[in-house]
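# Tertiary structure, described
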Amino acid sequence: MDDVVTTQFDRLRQSVKPLRQRLLTHDIYRSLHSVDDLHAFLKHHVFAVWDFMSLLKALQRELTCLDEAWLPKSSGAARRLINEIVVGEESDEIDGAYTSHFEMYLEGMRQVGCSSHEIQAVLARVTSGVDIMTALNAAPPAARQFCRTTFTIVRGGSLPAIAAAFTLGREDVIPAMFTEMLVDLQETGRAETSIFISYLQRHIELDSAEHGPMAESLLSSICGEDDAKWQAARLATEQALRARLCLWDGALRSLDSRELHAG
């Protein structure tokens, strides 16, 4: 990155620092004390895992050609970056087999005995042709709003916005968020959380060392020295981070509500 682009990226990161800090110090990370707590969290978080894949594929569609007749699109460097991220997220090698991180997450839910009924209901509706915004009515309220924010950004078609939501709304914060969560889960020593723990560890490893820096390079190349594109990126980043905060608030409320009824 040249100096001007680096400065723009640093300004963007600095402008969303308060939101990022609120996200990384959220109470949800220290609230997963029981298997029931974990179930309530997973039922919300699985929607973020799923719509992350949709955000990723939207970025790939914008940067590469997926039409019947192939034509070169964007730069070779951008195509290489996004395709490498897609390979890791959509067909990662886990224990000698290839799977998407979403499917790995569902397996982790099954291992811990958590129902995936709500996410499966949304997928079934989408498969049958129901518009995604309507299909999301089957999701928990906080997850529904979170995903609708993501798909609003995707449908807006702004490449800087999609790239920023992906980079600073996801890849940049995931390692720190998951590290907070991993500490508490490892302390419990529950065998039934082994797949979920592996999922967290894999994302900490990939996103901090590979996908995060790659996404930063991608966002910087997309926005360049264009102030309007950086402004669009900033607004989308704020949207994405606020949506995640609301998702975590909703997951935490579900834990508190369950405990209140149990008491």
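Above this note sits the structure.
Presented here is a report on the structure given in the accompanying data block. Predicted model only: the values in this text are computed from it and were never measured. (Residues numbered from 1 in each chain as written. Predicted model: local features only at pLDDT ≥ 70, side-chain atom pairs only at ≥ 80, totals over all residues. Heavy atoms only, no water.)

## Overview of the nonpolar core
If you look at soluble globular proteins, the nonpolar side chains tend to sit buried side by side. Judged by nonpolar contacts, the single largest core of 91 residues is most densely connected at Phe41, Trp50, Phe196 and Leu219. Among the elements that line this core, the one with the most residues is helix α3 (residues 35–63), at 16 residues. Not counting chain neighbours up to four residues away, the residues in contact with Leu219 comprise Phe9, Leu12, Pro160, Ala163, Ala164, Thr167, Leu168, Trp230 and Ala233. (Core = buried A, V, L, I, M, F, W, Y, C linked by side-chain atoms within 4.5 Å. Buried < 20%, exposed > 50% of the residue type's maximum accessible area, 1.4 Å probe, protein only. Helix = DSSP H or I, 4+ residues; strand = E, 2+ residues; numbered from the N terminus. Contact = heavy atoms within 4.5 Å.)

## Topic: helix α4 (residues 76–90)
For α4, built from 15 residues, the straight-helix expectation of 21 Å at 1.5 Å per residue is met to within 8% by its first-to-last C-alpha distance of 21 Å. Among the residues of α4, Ala78, Leu81, Ile82, Ile85, Val86, Gly88 and Glu89 are the ones counted as buried. Along α4, the residues classed as buried sweep out an arc of 165 degrees about the axis, all on the same side. In α4, the exposed positions angled more than 90 degrees off the buried face are occupied by Arg80 and Val87. On its buried face, α4 is in contact with α3, β1 (92–94), α5 (101–111), α9 (159–171) and α11 (194–223). (Expected span 1.5 Å × (residues − 1). Arc of directions from axis to C-beta.)

## Some points on the packing of aromatic side chains
The tally for this structure, following the rule as stated, stands at nine aromatic pairs. When the centroid spacing of 5.6 Å and the interplanar angle of 45 degrees are considered together, the rings of Trp50 and Phe151 count as tilted. Of this pair, Trp50 sits in helix α3 while Phe151 sits in helix α8 (residues 141–156), and the two are 101 residues apart along the sequence. Accessibility classification places Trp50 together with Phe151 in one group, the buried group. Judged by centre distance (5.3 Å) and plane angle (25 degrees), the ring pair of Phe52 and Phe166 falls under stacked. A residue pair is termed long-range when its members are at least 10 positions apart, and Phe52 in helix α3 and Phe166 in helix α9 qualify at 114 residues. Using a relative accessible area of 0% as the deciding quantity, one classes Phe166 as buried. Taken together, Tyr105, Phe178, Phe196 and Tyr199 form an aromatic cluster joined through their ring pairs. Sitting over the face of the ring of Trp248, Arg244 holds its NZ or CZ atom 5.0 Å from the ring centroid. (Phe/Tyr/Trp six-rings, centres within 6.5 Å; stacked < 30°, edge-to-face > 60°. Lys NZ or Arg CZ within 6 Å of the ring centre and 35° of its normal.)

## Some thoughts on the side chain of His26
Mapping His26 onto the fold places it in the loop between α2 (17–24) and α3. Sequence-distant contacts of His26, that is, excluding residues within four places in its chain, are made with Leu245, Trp248, Asp249 and Leu252.

## A short note on the side chain of His203
Checked against the element boundaries, His203 lands in helix α11. The class of His203 is buried, set by a relative accessible area of 3%. Ignoring any residue separated from it by four or fewer positions in sequence, one finds His203 in contact with Glu89, His101, Ile174, Pro175, Phe178 and Ser208.

## Here we look at the pattern of salt bridges
Applying the stated criterion to the full structure yields 13 salt bridges. A salt bridge links Asp172 to Arg13; the shortest N-O distance between them is 2.7 Å. On the criterion of sequence distance, the pair formed by Asp172 in the loop between α9 and α10 (174–188) and Arg13 in helix α1 (residues 3–15) is long-range, its members being 159 residues apart. Note on Asp172: relative accessible area 13%, which makes it buried. When the shortest N-O distance is used, the salt bridge between Glu180 and Arg30 registers 3.4 Å. Taken together, the residues span a long stretch of sequence, with Glu180 in helix α10 and Arg30 in the loop between α2 and α3 at a distance of 150 residues. A relative accessible area of 35% means that Glu180 is categorised as partly exposed. By relative accessible area, which is 36% here, Arg30 ends up partly exposed. Overlapping salt bridges bring together Arg13, Arg20, Asp172 and Glu216 as one network. (Salt bridge = Lys/Arg side-chain N within 4 Å of Asp/Glu carboxyl O.)

Keep in mind that these numbers describe shape and distance, not what the molecule does.
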